[in-house]
Amino acid sequence: MQSTLDAGRRLTRVEALKRDIESHVRHTLARDFASATERDVYVSTALMVRDRLAERWASTNARYQRGDVKRVYYLSLEFLIGRTLGNAIINLGLEGATAEALEELGFKLEDLREREPDAGLGNGGLGRLAACYLDSMATLELPGTGYGIRYEHGIFRQGIDEQGRQVERPDNWLHDTNPWEIARPDRTFKVKFYGRVEGRPDEDGRVHYHWVDASEVLAMAYDTPVPGYCNNTVNTLRLWSAKATEEFDLDDFIRGDYVRAVESKTQTETISKVLYPPDDTGQGKELRLKQQYFFVSATLQDIIRRYLTERRTFADFADKVQIQLNDTHPAVAIPELMRLLMDEHGLEWDQAFDIARKTFAYTNHTVLPEALEAWGIDLFSRLLPRHLELIREIDRRFRARVQEKFPGDFAREERMAILGGGQVRMAHLAIVGSHTTNGVAALHTDILKDRIFRDFHELWPDRLTSVTNGVTQRRWMLKSNPGLSELITEAIGGGWITDLEQLSQLEPLANDSEFRERWRRVKVENRRRLAQLVRAESGVQVDPRSMMDVQIKRMHEYKRQLLNALRCVDSFLELRDAPEMDVPQRAVLFGGKAAPTYWTAKLIIQLIGRIAQHVNADPLAGRLLRVAFIPDYRVSLAEAIFPGSDLSEQISTAGFEASGTGNMKFALNGALTIGTLDGANVEIVEHVGRENAFIFGLTADEVEARTASGYAPRQVYETSPRLRRVLDFVASGALTPEEPGLFRPLVDGLLHHDPYMVLADFDAYVEAQARVDEAWRDVDGWTRKAILNVARCGWFSSDRSVREYADRIWKLRGNARNGNGHGTAF
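Peer 1: How do you make sense of the overall build of the protein when you look at a structure like this?
Peer 2: Assigned secondary structure in the protein consists of 35 helices and 22 strands. In terms of principal-axis extent, the alpha carbons of the protein reach across some 95 × 80 × 65 Å. Looking at the protein residue by residue over its 826 residues, the buried ones come to 60%. If you take every contact in the protein between residues at least 6 apart in sequence, the share linking residues at least 24 apart comes to 76%. Accessible surface, the protein: about 32300 Å² in total, of which carbon and sulfur atoms supply 48%. Looking at charge distribution, the protein has the averaged site of its 108 positive side-chain charges lying 2 Å from that of its 121 negative ones.

Peer 1: Teacher, can you tell me more about the pairing of strand β6 (residues 196-201) here?
Peer 2: A regular strand places its side chains so that they alternate between the two faces of the sheet. Across six bridges, the pairing between β6 and strand β7 (residues 207-212) is antiparallel. Within β7, the residue paired with G199 across the bridge is Y209. Joining the antiparallel neighbours β6 and β7 is a turn of five residues, in which G205 adopts a positive phi near 85°.

Peer 1: In this structure, what is going on with the pattern of salt bridges? I would like to understand it.
Peer 2: Here the idea is simple: oppositely charged side chains can pair when their charged atoms come close. Summed over the entire model, instances satisfying the criterion amount to 83 salt bridges. The shortest N-O distance in the salt bridge between E639 and R475 comes to 2.7 Å. Placement of the pair is E639 in helix α26 (residues 635-644) and R475 in helix α20 (residues 473-479), with a sequence separation of 164 residues. Both residues of the pair, E639 and R475, count as buried.

Peer 1: Looking at this structure, how should I read a negative patch on the surface?
Peer 2: Residues D446, D450, D701 and E702 make up a contiguous surface patch of negative charge. With respect to the secondary-structure elements, D450 resides in helix α18 (residues 442-452).

Peer 1: How do you make sense of the environment of R412 when you look at a structure like this?
Peer 2: As for its placement among the helices and strands, R412 is situated in helix α16 (residues 410-416). Sequence spacing of R412 and P170 is 242 residues, and the spatial spacing of their C-alpha atoms is 46 Å. Other than its neighbours up to four places away in sequence, R412 contacts V402, F406, D455 and E458.

Peer 1: When you look at the confidence of the model for the protein in this model, what are you seeing that I'm missing?
Peer 2: Interpretation of this model should avoid reading the predicted coordinates in detail wherever pLDDT is low. On average, residues of the protein score 94 in pLDDT, and 95% of them are at 70 or above. Segment residues 815-826: pLDDT under 50, and 24 contacts once partners within four positions in sequence are set aside and those in other chains are kept.

Peer 1: I tried to follow the side chain of E141 on my own but got confused; where do I start?
Peer 2: Relative to the elements of secondary structure, E141 occurs in the loop between α6 (125-139) and β2 (144-149). Under the relative-accessibility criterion, E141 is labelled buried at 16%. A polar contact of 3.0 Å, which involves the side chain of E141, links it to the side chain of T233.

Peer 1: In this structure, what is going on with the side chain of S272? I would like to understand it.
Peer 2: When you line up the elements, S272 lands in the loop between α9 (263-269) and α10 (282-308). A polar atom in the side chain of S272 sits 3.0 Å from the backbone nitrogen of A242. Once residues lying within four places of it in the same chain are set aside, the contact partners of S272 are I149, R150, Y151, E152, W240, S241 and A242.

Peer 1: For this particular structure, what's the right way to read the environment of R474?
Peer 2: If you trace the backbone, R474 turns up in helix α20. Taking C-alpha positions, R474 is 8.1 Å from I90, a pair spaced 384 residues apart along the chain. Discounting chain neighbours no more than four positions away, the residues touching R474 are N91, D135, S136, T139, Y229, K479, I497, T498 and D799. A distance of 2.8 Å separates the side chain of R474 from the side chain of D135, its partner in a polar contact.

Peer 1: Where do I start with the environment of R554 in this structure?
Peer 2: As for its placement among the helices and strands, R554 is situated in the loop between β17 (547-552) and α23 (561-577). Exposure remark for R554: the relative accessible area of 35% places this residue in the partly exposed category. Between the C-alpha atoms of R554 and R187, which are 367 residues apart in sequence, the distance is 35 Å. Not counting residues up to four positions away in its chain, the partners in contact with R554 are N123, K559, Q561 and K593.

Basis of the calculations
- Residues numbered from 1 in each chain as written.
- Predicted model: local features only at pLDDT ≥ 70, side-chain atom pairs only at ≥ 80, totals over all residues.
- Heavy atoms only, no water.
- Helix = DSSP H or I, 4+ residues; strand = E, 2+ residues; numbered from the N terminus.
- Buried < 20%, exposed > 50% of the residue type's maximum accessible area, 1.4 Å probe, protein only.
- Contact = heavy atoms within 4.5 Å.
- Areas by Shrake-Rupley, 256 points an atom, 1.4 Å probe, with all protein chains shown as cover.
- Lys, Arg positive; Asp, Glu negative; His and termini not counted.
- Charge placed at Lys NZ, Arg CZ, Asp CG, Glu CD.
- Pairing = 2+ DSSP bridges.
- Salt bridge = Lys/Arg side-chain N within 4 Å of Asp/Glu carboxyl O.
- Patch = residues over 30% accessible without salt bridge, like charges linked within 9 Å, V, L, I, M, F, W, Y side chains within 5 Å.
- pLDDT = per-residue confidence, 0-100.
- Polar contact = N/O pair within 3.5 Å; in protein donor to acceptor, adjacent residues only side chain to side chain.

This is the structure:
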């Protein structure tokens with residue numbers, strides 16, 4: 001009887017979905033369904049899903065307002081959300097019904113998913129982490145809102161030419177209708193730049209500061225829904241788009257000067273055109289700072305507007321508002337909030353600074369000095385004159401605090417100063433203006449305390465803490481790996497979808513031969529799909545029976561794609577010279593974008609491309625080794641790559657990677673890690689067991705000690721015959737006979753500098769890869785290790801990370817459903 005009722009409900013649901021999809025085709029797109037294209041049906045399906053989100057969305061906002069909850073605002077320059085359709089229907093519990101409805105209408109859900117472009121709102125781990133945290137906040141029913149920029153062209157679409165070089169093309173992801181966003185022209189704010197500051201005393205002699213003669217830009221809001229998993233909570237991602245205050249100059253247009261008529265509009269709207277404009281020119285630096293202030297100013301005006309709808313004073317502001325700065329990009333929010341409180345709302349300095357410090361928290365994502373943003377004082381004073389005045393005063397008062405704690409230590413004062421060396425140090429501003437600074441892995445936080453921010457830690461021992469990153473299992477397992485998800489759910493139930501620690505119940509099944517066989521069948525199918533993707537995206541044919549050895553991440557020297565590439569050369573030379581060698585088949589897959597002006601990273605991409613051409617064309621080596629660079633790495637590709645991967649390359653120089661999240665996604669999908677003890681690798685190994693990973697290379701302390709003692713990379717080259725053969729081969733021009741010296745700069749850089757210890761770790765890396773080969777031959781043993789990796793990775797959920805933020809940093813005592821302090825969200 002119950003099954004009959006369930007079938008009836010499902011039939012009714014499917015019919016309702018079909019009806020609403022057809023209705024949008026007819027009434028929204030004005031098309032007859034018989035002539036509807038795949039694009040029409042995708043848009044209509046997305047709108048049907050959005051309709052179902054809209055009621056929950058409005059109810060969620062009303063619930064927050066009724067409950068008078070403390071809200072969290074997550075400010076990030078990136079939100080790498082990927083595609084929305086698949087994730088939304090999974091979180092609504094509609095995947096099966098939607099697929100069935102579309103099939104009855106003559107379409108396939110998977111085809112429609114491919115119609116949706118990846119949202120061009122991010123580039124790497126920073127943006128993907130932000131997207132995971134939004135998903136977790138909604139699933140945990142926490143009142144969180146993301147704020148960022150609605151980039152019209154994203155960062156860029158990456159192509160690879162015949163010579164293996166990266167080619168950048170515009171990412172026109174908004175060229176068609178974006179059915180997920182809702183324009184909010186009623187949420188438009190003025191943002192100022194340039195001008196000057198005037199101080200005008202009032203009748204009591206108090207000076208009021210006015211920012212005058214400034215240029216103005218409009219920031220208009222676009223909202224995207226962020227649904228929680230199978231609950232009624234839908235949070236918001238609000239993105240700002242730059243609009244000109246006037247569309248065009250009519251006088252210029254009438255005179256026939258059509259270019260000049262729209263020149264101001266074009267320059268203004270450049271602010272939200274592209275993520276990370278090149279900063280190797282003065283104009284590029286200025287545009288980056290403009291972007292950061294643009295979205296921060298609009299966001300704070302919006303937050304204050306929302307707060308003042310319920311209150312007339314700022315006495316409760318820090319109790320109701322918590323702002324998380326995702327890296328230093330939004331750090332200018334600190335002086336901006338003070339400007340708004342003091343200049344626009346009349347607060348005194350001490351009250352404004354106390355509110356700001358209690359409101360902001362800062363997440364640091366890097367130990368690289370060049371990534372700790374600093375802006376020239378001249379640029380800052382020209383672009384944001386009032387803010388520089390405020391920062392000068394913050395810096396003056398902070399210096400006095402340092403001298404009070406460490407009298408006479410002027411060297412320490414200069415190291416810690418916000419203004420120093422002709423620059424505004426944004427990380428220092430973020431630390432001074434926040435109540436908490438957190439690292440994103442245990443090792444990373446230790447390095448911040450002991451080295452990067454040691455002076456600050458000694459001043460404020462309780463302000464620096466650690467929250468290890470996490471990833472959402474709903475996107476990175478349930479959606480991207482349905483085969484494995486079904487197997488796990490069948491074995492232990494579906495509780496892991498919202499409580500990833502339940503994966504620990506899989507551990508006994510690692511010793512179950514039948515379960516291992518079923519696990520392998522899932523992996524075989526995922527590997528087959530990955531091989532198809534590699535062929536489609538890169539043109540390289542790989543045997544799906546090969547070990548899928550994968551390194552996909554942003555291109556940077558410290559991430560050491562170059563070490564992996566040199567190892568490929570070593571493997572090739574070994575196979576070429578001894579074709580009878582008994583080694584497993586491998587497909588070594590790379591993916592990742594290099595910044596347009598990062599020439600070394602681009603040259604490494606070209607090296608990988610030439611190695612791939614050379615290896616794959618060799619009749620002997622190419623049978624056992626294939627190399628491919630998958631262009632335009634993005635979220636939708638990652639969702640196909642992780643499930644089919646066997647080996648996860650996490651080989652950054654120890655002490656340089658803050659955390660990483662790709663390492664977690666690989667492990668959760670059953671790939672084994674080969675890596676250094678860097679970032680979150682340390683914690684992954686602690687959880688899964690060192691025997692279930694392949695660890696090699698110098699530790700962070702050893703890297704620091706070797707650097708301090710005078711590391712001599714040429715000496716390593718001279719004493720390692722294997723390494724010498726590889727570098728000599730690359731330098732010989734064998735990979736590029738038409739341009740023999742092309743890769744010589746890479747070799748020379750390694751021999752004379754090698755700041756990321758590529759040569760120092762090379763032999764240990766090759767030895768670790770030999771251990772990988774040996775383990776791969778033991779099919780049952782490898783499967784057992786893969787199951788244990790998944791079973792022991794439950795701690796790496798973004799749900800756990802967000803709970804830690806909510807409890808320790810944001811101080812959210814109750815959940816959003818009853819925001820009276822008596823909730824039990826945790």
